[in-house]
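Examining the three-dimensional arrangement
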Amino acid sequence: MARKLWKSRYYRRKGVAVKDDGNKPFVAATRWEKEVGVIYDIVSAGPRVVFQEGGFVPVEPEMALRIEAEIDLIVTGYLHIMDTDSIRHIIKRHGNQEEVLRGQVPLVREDFLLLPNIFGTPGIIEDGGKTKPGRDTIRYSKILGGFRYHYTEELRTRKNRLAAVTFYKWKN
């Protein structure tokens, strides 16, 4: 007998699946891979495209409590997203060979697919300061597979979203 993957319509719409224990939702990584992977492919293919958002992964309650305790920002009910503009910035600034001159490693498509692991269970959470428009930012750091990743998101309070600002990696 097949297990029921989706618990309710709410979770199905939000892209959250239910763990085997049936109680705690977890990140539907396949949705992230599909949506962010498609946006990455569109952006890397060429000229400007229509603005798109993808990902829509809810902030886990435990992570929301940790962020509130460590940097005093309330993100309960927020969604992690990536859009075409942020992916374009990351590819342009951190996905080319100029990164080697800065002592960093250029990002590839597979690095974007690791993001749910980075913001889901980061090693370090820091206050990233403010963006130019004055939005608060959160910076996540984690070591994976011999690389140290840094990912920064900004709080978009009107729609309760944590949107990508920048992402880069170093050899550890």
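Since we're looking at a predicted model, the values are computed, not measured. (Residues numbered from 1 in each chain as written. Predicted model: local features only at pLDDT ≥ 70, side-chain atom pairs only at ≥ 80, totals over all residues. Heavy atoms only, no water.)

Concerning the overall build of the chain
- Within the chain, the secondary structure is distributed over 7 helices and 8 strands.
- Expressed as a percentage of its 172 residues, the buried residues of the chain come to 42%.
- Here the analysis covers contacts within the chain between residues at least 6 apart in sequence; of these, 53% occur between residues at least 24 apart.
- Working note: accessible area of the chain is about 9,900 Å², and carbon and sulfur atoms make up 53% of it. (Helix = DSSP H or I, 4+ residues; strand = E, 2+ residues; numbered from the N terminus. Buried < 20%, exposed > 50% of the residue type's maximum accessible area, 1.4 Å probe, protein only. Contact = heavy atoms within 4.5 Å. Areas by Shrake-Rupley, 256 points an atom, 1.4 Å probe, with all protein chains shown as cover.)

A closer look at the sheet that holds strand S3 (residues 53-58)
- Judged by pairing direction, the sheet is mixed, and its 6 strands sit side by side in the order S3-S4-S8-S7-S6-S5 without closing on themselves. Of all strands in the sheet, those bounded by a partner on one side alone are S3 and strand S5 (124-130). Across the sheet, the mean angle from the axis of one strand to that of its neighbour is 30 degrees, orientation sign disregarded.
- Pairing between strand S7 (residues 147-156) and strand S8 (residues 161-171): 10 bridges, direction antiparallel. Counterpart to Glu153 in the pairing with S8 is Ala164.
- Along the sheet, helix H3 (residues 61-71) contacts S5 and strand S6 (136-144); its crossing angle with S5, the most-contacted strand, is approximately 60 degrees.
- Each of strand S4 (79-83) and S8 is contacted by helix H4 (residues 84-94), which is oriented at about 15 degrees to S8, the strand it contacts most. (Pairing = 2+ DSSP bridges. Axes fitted to C-alpha atoms, helices over the stretch in contact; angles between N-to-C directions.)

Here's the deal with H4
- Here H4 has its buried residues at Thr84, Ser86, Ile87, Arg88, Ile90 and His94.
- Sitting at the amino-terminal end of H4 is Asp83, which places a side-chain oxygen 3.2 Å from the backbone nitrogen of Asp85. (Polar contact = N/O pair within 3.5 Å; in protein donor to acceptor, adjacent residues only side chain to side chain.)

Remarks on H3
- Among all positions of H3, only Met63, Ala64, Ile67 and Ile71 are buried. Projected onto a plane normal to the axis of H3, the buried residues spread over an arc of 105 degrees and lie on a single side. Exposed residues on H3 whose side chains face more than 90 degrees from its buried face are Pro61, Leu65 and Ala69.
- Buried residues along H3 sit in contact with helix H7 (115-120), S5 and S6. (Arc of directions from axis to C-beta.)

Regarding the pattern of salt bridges
- Tallied over the entire structure, the rule returns 13 salt bridges.
- Of the charged contacts, one joins Asp41 and Arg109 as a salt bridge, the two residues approaching to 2.9 Å between their closest N and O atoms. Of this pair, Asp41 sits in helix H2 (residues 29-45) while Arg109 sits in helix H6 (residues 109-113); the two residues are 68 residues apart in sequence, bridging distant segments of the chain.
- Between Arg102 and Glu99 there is a salt bridge whose closest N-O contact spans 2.7 Å.
- Since its relative accessible area comes to 0%, Glu99 is described here as buried.
- Sharing partners across several salt bridges, the network here consists of Glu53, Asp83, Arg135, Glu154, Arg156 and Arg161. (Salt bridge = Lys/Arg side-chain N within 4 Å of Asp/Glu carboxyl O.)

A short note on the packing of aromatic side chains
- Per the counting criterion, the structure on display carries 8 aromatic pairs.
- Residues Tyr151 and Phe167 carry aromatic rings whose centres are separated by 5.7 Å and whose planes lie at 90 degrees to one another, so their mutual orientation is edge-to-face. Placement of the pair is Tyr151 in strand S7 and Phe167 in strand S8, with a sequence separation of 16 residues.
- Phe167 gets classed as buried once you look at its relative accessible area, which sits at 0%.
- By the ring-pair criterion, three or more aromatic residues cluster together here, those being Tyr40, Phe112, Phe119, Tyr140, Phe147, Tyr149, Tyr151 and Phe167.
- If you follow Lys169 out to its NZ or CZ, it ends over the ring of Phe147, 4.3 Å from the centre. (Phe/Tyr/Trp six-rings, centres within 6.5 Å; stacked < 30°, edge-to-face > 60°. Lys NZ or Arg CZ within 6 Å of the ring centre and 35° of its normal.)

Regarding the nonpolar core
- Within the largest apolar cluster, 32 residues are counted, with the highest numbers of intra-cluster contacts made by Met82 and Ile138.
- Sorting elements by how many residues they give to this core places H2 first, with 5 residues. (Core = buried A, V, L, I, M, F, W, Y, C linked by side-chain atoms within 4.5 Å.)

Thoughts on the environment of Gly128
- Relative to the helices and strands, Gly128 resides in strand S5.
- Accessibility expressed as a relative area gives 39% for Gly128, which makes it partly exposed.
- For the pair Gly128 and Arg139, spaced 11 residues apart in sequence, the C-alpha to C-alpha distance is 5.2 Å.
- Ignoring any residue separated from it by four or fewer positions in sequence, one finds Gly128 in contact with Thr137, Ile138 and Arg139.

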